Amino acid sequence: MRVGYGGGIPPNIGEGDRAAGADGIRENLDPSWLRGDPPWLDLFHVWLREAIDSRIPEPNAMVLGTADAEGIPSTRTVLCKGADASGIVFFTGYDSDKGHHLAANPYASVTFPWIALERQVHFRGAVEHVTMEETAEYWYMRPRGSQLSAYASAQSQPIETRTDLEDLAARVAGQFGGFDAGAEIPVPPAWGGYRLVPTTVEFWQGRANRLHNRVRLTRSDAGWEAVRLQP
């Protein structure tokens, strides 16, 4: 529970905007922290590294928001598998719900919710397929069991029982020589990577008494602009 939320007097009352949050940083997030090309990348890498060092479970987990052809939104948690100047990368089945959403409406948002550190980073933008070479490079880095599961699963499609799912995985493993060793498993034809190319990036830093820090970057033809937002 955040300091100052609930009954009683917050122990840091009166410190106002100087009070350090759960991230332990007394300095307040400021637009001047965002520089470079693109200006979000360096700070994002710093915050991601600090989330890893803090031993937050799945620090690269992000909430992916998509909308179908009718505009009905949906969210789910996926893992970020790349973050560089070109955008944020994740992998999934093209015939999954999110794959169908992105085919009909190729825009998305992702949020990195580092709640234990009272930090969040939000990205919004268009989504594109990564190259086949990028997909293959990541695929062959995956553990064999993960490859087999992805190859076996018709992602987002119904299946009657857990036993049916395990039997399906076992049959696919048998086709490639087993779970532990055997023939190389090729990239499934309907599986691969997406890249969110951000046009909006927002950093959020929790502060006492809900006087939080928010800085939003927006990209236009003139470049990136950073502004502080009220909480």
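Residues numbered from 1 in each chain as written. Predicted model: local features only at pLDDT ≥ 70, side-chain atom pairs only at ≥ 80, totals over all residues. Heavy atoms only, no water.

J.: Could you give an account of helix α3 (residues 132-139), naming the residues involved and the relevant values?
T.: Restricting attention to buried positions, one finds in α3 the residues T135, Y138 and W139. Down the axis of α3, the sector holding all buried residues measures 100 degrees, keeping them to one side. Away from its buried face by more than 90 degrees, α3 exposes E133 and E137. Summarising the contacts, the buried residues of α3 are in contact with β4 (87-93), α4 (144-152) and β7 (191-205). (Buried < 20%, exposed > 50% of the residue type's maximum accessible area, 1.4 Å probe, protein only. Helix = DSSP H or I, 4+ residues; strand = E, 2+ residues; numbered from the N terminus. Arc of directions from axis to C-beta. Contact = heavy atoms within 4.5 Å.)

J.: Residues and numbers for the environment of R162, please.
T.: With respect to the helices and strands, the residue R162 is situated in helix α5 (residues 162-175). A distance of 2.9 Å separates a polar atom in the side chain of R162 from a polar atom in the side chain of E166. (Polar contact = N/O pair within 3.5 Å; in protein donor to acceptor, adjacent residues only side chain to side chain.)

J.: Summarise the pairing of strand β1 (residues 61-67); cite the residues concerned and give the values.
T.: Within β1, six of the seven residues are buried, which leaves it mostly tucked inside the rest of the structure. Turn length for the β1-strand β2 (residues 73-79) hairpin, with the two strands adjacent in sequence and antiparallel, is five residues, and the turn residue G71 shows positive phi of about 85 degrees. Sheet analysis places β1 next to strand β5 (residues 107-114), joined by three bridges and oriented antiparallel. The partner of L64 across the bridge, within β5, is V110. (Pairing = 2+ DSSP bridges.)

J.: Which residues make up the packing of α4 against α5, and what values do they have?
T.: Viewed as axis vectors pointing N to C, α4 and α5 meet at an angle of 110 degrees, and their least axial separation amounts to 9 Å. Viewed along their axes, α4 and α5 adopt a mutual orientation that is roughly perpendicular. At the point where α4 passes α5, the crossing takes the right-handed sense. Of the residues in α5, those touching α4 at L148, Y151 and A152 are L168, A169, V172 and A173. Along the lines of polarity and charge, the residues of the contact of α4 with α5 split into seven nonpolar, no polar and no charged. (Axes fitted to C-alpha atoms, helices over the stretch in contact; angles between N-to-C directions. Parallel < 35°, antiparallel > 145°, perpendicular 65-115°, else oblique. Left-handed = near helix turned anticlockwise from the far one by under 90°. Nonpolar A, V, L, I, M, F, W, Y, C, P; charged D, E, K, R; others polar.)

J.: A description of unusual backbone geometry should follow, citing residues and the corresponding values.
T.: Of note, the bond from D37 into P38 is cis; its omega dihedral lies within 30 degrees of zero at -5 degrees. Along the chain, P38 falls in the segment before α1 (41-53). Despite not being glycine, R55 has its phi angle at roughly 60 degrees, a positive value. The residue R55 is located in the loop between α1 and β1 in this model. Residue classification places R55 among the exposed residues on the basis of a relative accessible area of 74%. Residue E58 is not a glycine yet carries a positive backbone phi of 45 degrees.

J.: Could you give an account of the pattern of salt bridges, with specific residues and numbers?
T.: Applying the stated criterion to the full structure yields eight salt bridges. Note that D30 and R228 form a salt bridge whose closest N and O atoms lie 3.6 Å from each other. Here D30, found in the segment before α1, pairs with R228, found in strand β9 (residues 223-229); they are 198 residues apart in sequence, far enough to count as distant. A salt bridge links E134 to R195; its shortest N-O distance comes to 2.5 Å. On the criterion of sequence distance, the pair formed by E134 in helix α3 and R195 in strand β7 is long-range, its members being 61 residues apart. Given the relative accessible area of 28%, E134 is considered partly exposed. Each member of the salt-bridge network shares a partner with another, and the members are E128, E134 and R195. (Salt bridge = Lys/Arg side-chain N within 4 Å of Asp/Glu carboxyl O.)

J.: So what's going on with the environment of A51? Residues and values would help.
T.: Looking at the element boundaries, A51 is found in helix α1. It is 12 Å that separates the C-alpha atoms of A51 and V121, two residues lying 70 residues apart in sequence.

J.: Kindly report on the packing of aromatic side chains, identifying the contributing residues and their values.
T.: A ring pair, where both rings are aromatic, is described by two values, the distance of the centres and the angle of the planes. Here the structure, examined in full by the defined rule, presents 15 aromatic pairs. When the ring of W47 is compared with that of F203, the centres are 5.4 Å apart and the planes differ by 85 degrees; the resulting orientation is edge-to-face. Residue W47 is located in helix α1, and its partner F203 is located in strand β7; the two are separated by 156 residues in the primary sequence. Residue W47 is classed as buried on the basis of its relative accessible area, which comes to 2%. Here F203 falls in the buried class, since its relative accessible area comes to 0%. Between the aromatic rings of F112 and F123, the centroid separation amounts to 6.0 Å while the plane-to-plane angle is 75 degrees, which identifies the pairing as edge-to-face. Linking F112 in strand β5 with F123 in strand β6 (residues 119-129), this pair joins segments that are eleven residues apart in sequence. Take F112 and F123: they sit in the same class, and that class is buried. (Phe/Tyr/Trp six-rings, centres within 6.5 Å; stacked < 30°, edge-to-face > 60°.)

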